[in-house]
Amino acid sequence: MKMSVLCAILVPLLAMVGLTHQMDADIQTMKQLYKNTLDGYDTRIRPINNQSAAVFINTKFTPQSLLEFDTSEQKFSMLGYFKINWVDEVVRWDPTTFGETKEIKVPINEMWKPSLIILKAYDGHGVVGTSTDLAKVLHNGFVHWEPEGIYSVVCNVDIQYYPFDEQVCVITYYVSDETIRTVVLDHYLNVDMSEYSENSAWTIASTRRSRYLMYNTYHIDIEFRLQRRANFTTFTLIMPLLMLAFLNICIFLVPIGSGEKGSFSITIFLSYGIFVTIISDTLPHNSLQVSFFVLFIVILLILSVISVFYTIIQAKIVAAVGDKECPWTIFKPGRRAKGPDEVERIKDNKEKEAFETLPEQEEEEEVYTWSMFLEKLDIVLFVLFFIVIITTTAVFFWMLLRHASRDNPEPEDPSPTLAYPTTTTATM
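Note that the structure is predicted; figures quoted are calculated from it, not measured. (Residues numbered from 1 in each chain as written. Predicted model: local features only at pLDDT ≥ 70, side-chain atom pairs only at ≥ 80, totals over all residues. Heavy atoms only, no water.)

Engineer: Is there a simple way to think about the packing of aromatic side chains in this case?
Structural biologist: Per the stated rule, a full pass over the model turns up 19 aromatic pairs. Where Phe 61 meets Phe 82, the ring centres are 4.8 Å apart and the plane angle is 50 degrees; that geometry is what we call tilted. With Phe 61 in strand β1 (residues 55-70) and Phe 82 in strand β2 (residues 75-87), this residue pair connects regions lying 21 residues apart in the sequence. Of the residues examined, Phe 61 reaches a relative accessible area of 1% and is grouped as buried. (Phe/Tyr/Trp six-rings, centres within 6.5 Å; stacked < 30°, edge-to-face > 60°. Helix = DSSP H or I, 4+ residues; strand = E, 2+ residues; numbered from the N terminus. Buried < 20%, exposed > 50% of the residue type's maximum accessible area, 1.4 Å probe, protein only.)

What follows is the structure, encoded as structure tokens:
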């Protein structure tokens, strides 16, 4: 009886001790693994046995969100991360020796790493990754590193077709202090858009990657073709502007003697000034192209200036010589001739005899004054300005919609570089 109780107490204790020894052994194994692989590791030496050969580095950019695209400052900021893979021939081990451990995580600053730098960085600091990043290292030397960050670059903005414009922004990176004989850099396949979250102001129409040689090293361009979401701008800028343009020609319908024609024209002109201020805060001030939208506003502004100038001159003429005879009879209505039916009615009238006995009186012709001339001129200018506005608006929208509906070329499906080993194209 005592023996069974003693066994019931000792068995769990021995199991716990054995488990503790097993845990200590695993921890010691991992410490030994890190010691064997990283002790004496020199980050200045390329991790390849044949130092005359090049290290193959495979990269892939995964954008997550378009944080900012300031067209006024020409700043493009993208949140995303790189998938960077290469083979380290120095850090290798046999998994059976270390408890079937096939991968470890190592701080990136303790290993050799490619110094990827963003070209044309907006703030001047374009180094990819930080010293706190961890790299996953497999037992066969395969290294996988995913540096995440916000990458801001300078983007040349073309505002010619604003607000239906299309912008092309490029993130460029390369391996610094290396040449094509020491490092071969490439971007496998196309940009991975599976994790991208849509932006409320811009949509990414297409992406493309390209590799080229510059300064004896490989450069990778990640090109983003962006299209502006023009719905908000259309309903908040273009539509009110068109309404204001048609309201401007109503100046010519206001009677001369109402006294409100001048103040109405000045109010319309000041409204155009507000639109110019809003647009100037939106568009970049140093663009090499002139926006068609700005030209459209300028044309409407010129028409408004002409209408204000005409209203002031008209008020002056009416006040000075409004009731005097106008020598320009171009708009003077002609005397209406009597038709044959009217002549017959007069002949058949019972009062024919009385009509013939009336003394002939010469009909007095109404004096054609300057006020009458200006009233007719208002109608002519109303029609003329209406035609100009309709034509200008049609041409403006035709040019913008023609550009917006233009078919974009399909992005090519690039194939991996043949110089890459198959191990560097694996997906982690």
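Next comes the rest of the description.
Engineer: Got a minute to help me understand the environment of Phe 82 in this structure?
Structural biologist: Note on Phe 82: relative accessible area 0%, which makes it buried. Taking the C-alpha atoms as reference points, Phe 82 and Val 128, separated by 46 residues in sequence, lie 8.5 Å from one another.

Engineer: Can you help me understand the state of the cysteines in this one?
Structural biologist: Disulfides are covalent bonds that connect the sulfur atoms of two cysteines. The final tally for this structure, using the stated rule, is one disulfide. Residue Cys 155 pairs covalently with Cys 169 via a disulfide, S to S 2.0 Å. Taking the sign of the S-S torsion, about -85 degrees here, the bridge from Cys 155 to Cys 169 comes out left-handed. Of this pair, Cys 155 sits in the loop between β7 (148-154) and β8 (166-175) while Cys 169 sits in strand β8; the two residues are 14 residues apart in sequence, bridging distant segments of the chain. On the basis of relative accessibility, which here comes to 1%, the residue Cys 155 falls in the buried class. (Disulfide = S-S within 2.5 Å.)

Engineer: Just to check I follow, could you spell out the nonpolar core for this structure?
Structural biologist: Ranked by size, the top nonpolar core spans 83 residues in total, and within it Phe 76 and Ile 171 carry the most contacts. The dominant element in this core, judged by the number of residues it contributes, is helix α7 (residues 370-404), at 10 residues. The residues touching Ile 171, leaving out its near neighbours within four places in the chain, are Phe 61, Phe 76, Met 78, Ile 118, Tyr 151, Val 153, Ile 220, Asp 221, Ile 222 and Phe 224. (Core = buried A, V, L, I, M, F, W, Y, C linked by side-chain atoms within 4.5 Å. Contact = heavy atoms within 4.5 Å.)

Engineer: Hey, could you run me through a nonpolar patch on the surface in this one?
Structural biologist: A surface patch of nonpolar side chains, about 590 Å² in accessible area, is lined by Phe 246, Leu 253, Ile 379, Val 383, Phe 386, Ile 387 and Ile 390. Here Ile 379 shows up in helix α7. (Patch = residues over 30% accessible without salt bridge, like charges linked within 9 Å, V, L, I, M, F, W, Y side chains within 5 Å. Areas by Shrake-Rupley, 256 points an atom, 1.4 Å probe, with all protein chains shown as cover. Salt bridge = Lys/Arg side-chain N within 4 Å of Asp/Glu carboxyl O.)

Engineer: So what exactly am I meant to see when it comes to the pairing of strand β5 (residues 134-138) here?
Structural biologist: Pairing analysis gives five bridges linking strand β3 (residues 103-107) to β5, with the strands arranged antiparallel. For Lys 105, the partnering residue across the bridge sits in β5 and is Lys 136. Note: β5 against strand β6 (residues 142-145), three bridges, orientation antiparallel. Note that in β6 the partner of Lys 136 across the bridge is His 144. Connecting β5 to the next strand, β6, in antiparallel fashion are three residues, including Gly 141 with a positive phi near 95 degrees. (Pairing = 2+ DSSP bridges.)

Engineer: I keep staring at the environment of Asp 158 and nothing clicks. Help me out?
Structural biologist: Within the secondary structure layout, Asp 158 lies in the loop between β7 and β8. Distance in space between the C-alpha atoms of Asp 158 and Val 168 is 8.8 Å, their sequence separation being 10 residues. Dropping the residues within four chain positions of it, Asp 158 is found in contact with Asp 165, Gln 167 and Gln 289. A polar contact is formed between the side chain of Asp 158 and the backbone nitrogen of Gln 160, at a distance of 3.2 Å. (Polar contact = N/O pair within 3.5 Å; in protein donor to acceptor, adjacent residues only side chain to side chain.)

Engineer: Just to check I follow, could you spell out the sheet that holds strand β11 (residues 217-228) for this structure?
Structural biologist: Each strand in a sheet pairs with its neighbour through backbone hydrogen bonds, running either in the same direction (parallel) or in the opposite one (antiparallel). Read across the sheet, four strands follow the order β4-β8-β11-β10 without closing on themselves; strand pairing throughout is antiparallel. The sheet is open, and its two edges are formed by β4 (116-119) and β10 (202-214), each paired on a single side. Between one strand and the next, the sheet's axes are offset by a mean angle of 25 degrees, whatever the strand orientation. As paired elements, β8 and β11 share nine bridges and run antiparallel to each other. Bridge pairing in β11 links Glu 166 to Gln 227. (Axes fitted to C-alpha atoms, helices over the stretch in contact; angles between N-to-C directions.)

Engineer: Just to check I follow, could you spell out the pattern of salt bridges for this structure?
Structural biologist: For side chains bearing opposite charge, pairing can occur when the charged atoms are close. If you walk through the whole model with that rule in mind, you get nine salt bridges. A salt bridge links Glu 198 to Arg 229; its shortest N-O distance comes to 3.1 Å. With Glu 198 in the loop between β9 (183-187) and β10 and Arg 229 in the loop between β11 and α2 (231-248), this residue pair connects regions lying 31 residues apart in the sequence. We note a salt bridge from Lys 261 to Asp 378, for which the minimum N-O separation is 2.7 Å. With Lys 261 in helix α3 (residues 261-282) and Asp 378 in helix α7, the pair connects residues that are 117 residues apart, well separated along the chain. Exposure class is identical for Lys 261 and Asp 378. Each is buried. One salt-bridge network, in which partners are shared between bridges, spans Glu 166, Arg 208, Glu 223 and Arg 225.

Engineer: Where do I start with α3 in this structure?
Structural biologist: In an α-helix, one turn spans 3.6 residues, which is why side chains three or four residues apart end up on the same side. With 22 residues, α3 should reach 32 Å at 1.5 Å per residue; the first-to-last C-alpha distance of 33 Å fits that figure. Where α3 is concerned, the buried positions are Lys 261, Ser 265, Ile 268, Tyr 272, Phe 275 and Ile 279. The buried side chains of α3 occupy one side of the element, clustering within an arc of 75 degrees when seen end-on. Exposed side chains of α3 directed beyond 90 degrees from the buried face belong to Leu 270, Ile 274 and Asp 281. (Expected span 1.5 Å × (residues − 1). Arc of directions from axis to C-beta.)

Engineer: Any chance you could explain the side chain of Lys 83 here in plain terms?
Structural biologist: Checked against the element boundaries, Lys 83 lands in strand β2. The side chain of Lys 83 sits in the buried core without any salt bridge; Asp 192 is the nearest counter-charge, 4.0 Å away. Beyond its immediate stretch of four places on either side in the chain, Lys 83 contacts Asn 58, Thr 59, Lys 60, Thr 62, His 144, Trp 145, Glu 146 and Asp 192. (Lys, Arg positive; Asp, Glu negative; His and termini not counted.)

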